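Summary of structural features
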Amino acid sequence: MLDLKLLRENPDAARAGALKKRMPDRAAAVDAVLKLDAELRALLPTLDGMRSELKSGSKEIGKMAPAEREAFLARQKERKAEMGGLEQREKALRAELEKQLALIPNIPDSEVPEGKDDSENKETKRWGTVRTFGFTPRPHYEIGEKQGWLDFERASKMAGSRNYFLFGDLALLHDAVLRYAVDLLVGRGFTPVDPPLLVRDSAMFGTGFFPGGEEQTYRAERDELNLIGTAEVPVTSLHAGEILPEDQLPKKYVARSACFRREAGTYGKDTRGLYRVHQFQKVEQVVIDIADTARSIEHHHAIVKNAEDMLQAFELPYRIVAVCGGDLGVPQAFKYDIETWMPSRNAYGETHSASRFYDYQARRLELRYRPKDGSKAMVCHTLNNTVVASPRILIPLVENHQQQDGTVRVPAVLQPYLGGRAVLGKPIY
RNA sequence: GGAGAGGUGGCAGAGUGGCUGAUUGUACCGGUUUCGAAAACCGGAGUGGGGCAACCCAUCGGGGGUUCGAAUCCCCCCCUCUCCGCCA
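Here the structure is a predicted model, which means the values were calculated and not measured.

As a further point, take the pattern of salt bridges. Taken as a whole and assessed by the stated rule, the structure comprises 33 salt bridges. Linking Arg256 and Asp175 is a salt bridge whose minimum nitrogen-to-oxygen distance equals 3.2 Å. Of the two residues, Arg256 sits in strand 9 (residues 251-260) while Asp175 sits in helix 7 (residues 168-186), which places them 81 residues apart along the sequence. Where Asp201 meets Arg219, a salt bridge forms, and the shortest distance between an N and an O atom there is 2.9 Å. Here the residue Asp201 occupies a position in helix 8 (residues 201-206), and Arg219 occupies one in strand 6 (residues 219-220), the gap between them amounting to 18 residues. Connected via shared salt-bridge partners are Asp48, Arg51, Glu87, Glu90 and Arg94.

Below, the structure written as structure tokens:
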């Protein structure tokens with residue numbers, strides 16, 4: 001949510017920001033807010049004055065003589081009747097204002113590239129050399145099914161499409177990758193978290209997924225809870241409604257969780273293999289800190305580096321893109337995606353997403369801190385990034401490290417998590 | 001699922017119809033004292049909104065109601081805790 005004061009001062013920035021994000025209907029919410037705000041502010045002095053009169057009148061009533069008292073009571077009733085309609089109007093204005101304000105997207109940073117969709121994201125970095133195979137490399141689903149590591153057919157029979165079973169060495173690798181990711185971040189001072197997977201609407205709203213993301217979310221209707229699509233939701237909401245002492249900041253969390261996504265509207269897209277699935281495991285980093293743009297940017301680079309270090313340790317070629325306006329979500333001010341080389345796609349595929357929000361999420365969550373000097377509570381800044389999402393990361397791991405005989409080489413850092421093994425699977429080709 | 005207790009300012013904890021927007025403690029900020037600190041003492045200070053300001057309005061889990069007047073009374077909802085039941 002944007003700061004209403006800043007919005008009043010500079011509505012053009014909010015409008016232009018929404019348009020840069022290719023959200024014209026949400027840009028319209030800016031004008032709706034300004035109109036509602038103006039009406040509310042015109043109404044308030046009158047209404048407050050009436051309330052003041054009524055209130056002070058009530059205080060004097062005890063001292064009055066019975067005779068004048070009766071007349072005064074009648075006058076008070078009149079005042080209250082006059083006020084009734086205005087109070088209804090005030091309530092309606094406030095409700096609508098809040099609703100419209102919540103629709104206005106965060107303003108993208110000026111460095112966010114212009115563009116309509118992911119095809120216009122701007123590459124900012126490339127690491128590693130794409131491997132030249134001395135044989136015809138196979139896609140992960142082919143190796144996986146032949147090794148007995150994957151079963152999509154039976155999974156979809158009981159759970160529908162975009163579901164999977166992992167077995168054997170691939171199941172072990174899946175877990176190894178997740179544990180490595182947690183350990184890496186814990187080693188860098190992050191607090192490990194195991195969060196709730198079912199959350200209330202308030203957490204979905206506070207992190208900016210609602211309104212708008214309902215179609216992508218599995219909902220437990222009977223209990224009015226939502227399955228999270230990312231641990232960002234419960235972890236960023238962890239301190240919602242709190243005022244944290246500044247000396248407790250920054251808060252850095254690394255959460256491992258299952259994630260659930262309906263993937264509505266993606267029918268026919270990425271249907272083969274482990275790329276786009278309804279349920280996966282993710283290790284996510286979340287940072288909460290003071291309201292300081294420079295520090296947010298520093299954190300942003302640091303959490304990107306954490307992910308890069310992991311990919312480098314996995315010996316996987318990747319590139320980083322600055323996500324363009326049209327591909328940016330409602331709450332983000334700036335986002336880097338990290339894309340890892342996937343031979344079966346003959347392309348880089350998104351494996352990480354690192355966002356900074358400044359105070360947009362925190363304001364919706366009422367997540368604040370008390371500055372060291374004891375002054376007024378300030379709204380925090382929040383950020384997050386993937387450390388690793390699996391099984392998607394298994395695609396580049398299996399495909400880039402496959403050997404001619406169908407076995408898979410294990411990067412050195414993962415071997416301790418696999419009982420010291422350097423190779424997974426049996427020769428099958 | 002059944003029964004009970006409770007939700008008040010950063011935290012703890014008073015307050016059952018009218019100078020209570022809220023006693024007090026603690027944490028916090030400023031000062032006195034000190035070589036410095038602690039302690040002690042004095043002062044400040046909840047949150048949001050409006051106004052140049054004096055000041056005004058809202059806010060005691062949320063919503064509705066009674067009343068001239070509600071943190072206090074009534075109704076609905078939400079949440080937390082305790083006991084019982086069921087259970088990974």
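Text resumes after the structure shown.
In the vicinity of RNA strand B, 22 residues are found, and the nearest of them are Arg41, Asp48, Ser58, Lys80 and Lys91. Counting only atoms of RNA strand B within 4 Å of the protein, the fraction found in sugar and phosphate groups is 79%. Within the side chain of Arg200, a nitrogen or oxygen atom sits 3.5 Å from a phosphate oxygen of RNA strand B. The contact in question runs from a phosphate oxygen of RNA strand B to an N or O atom on the side chain of Arg370, over 3.1 Å. The dominant element in the surface near RNA strand B, judged by the number of residues it contributes, is helix 3 (residues 24-60), at seven residues. Its residues assigned to classes, the surface near RNA strand B comprises three nonpolar, four polar and 15 charged.

Scoring rules and cut-offs
- Residue numbering note: each chain is counted from 1, following its sequence as written.
- For naming, the first written chain is A and the first written ligand is 1, with later ones following in the order written.
- Under the rules for a predicted model, residues below a pLDDT of 70 receive no local features and side-chain atom pairs below 80 are neither given nor counted, while totals for whole chains, interfaces and linings still include all residues.
- Computation of side-chain values covers all heavy atoms of the structure but excludes hydrogens and water.
- We count a salt bridge whenever a side-chain nitrogen from Lys or Arg sits within 4 Å of a carboxyl oxygen from Asp or Glu.
- Secondary structure counts use DSSP, requiring at least four H or I residues in a row for a helix and at least two E residues in a row for a strand, with both numbered from the N terminus.
- We call a residue near a given molecule or strand whenever any one of its heavy atoms falls within 4 Å of it.
- We call two N or O atoms a polar contact when they sit within 3.5 Å, provided that within protein one can donate a hydrogen and the other can accept it, with sequence-adjacent residues counted only if both atoms are side-chain atoms.
- For this scheme, ten residues count as nonpolar: Ala, Val, Leu, Ile, Met, Phe, Trp, Tyr, Cys and Pro. Four count as charged, namely Asp, Glu, Lys and Arg, and the remainder, Gly too, count as polar.

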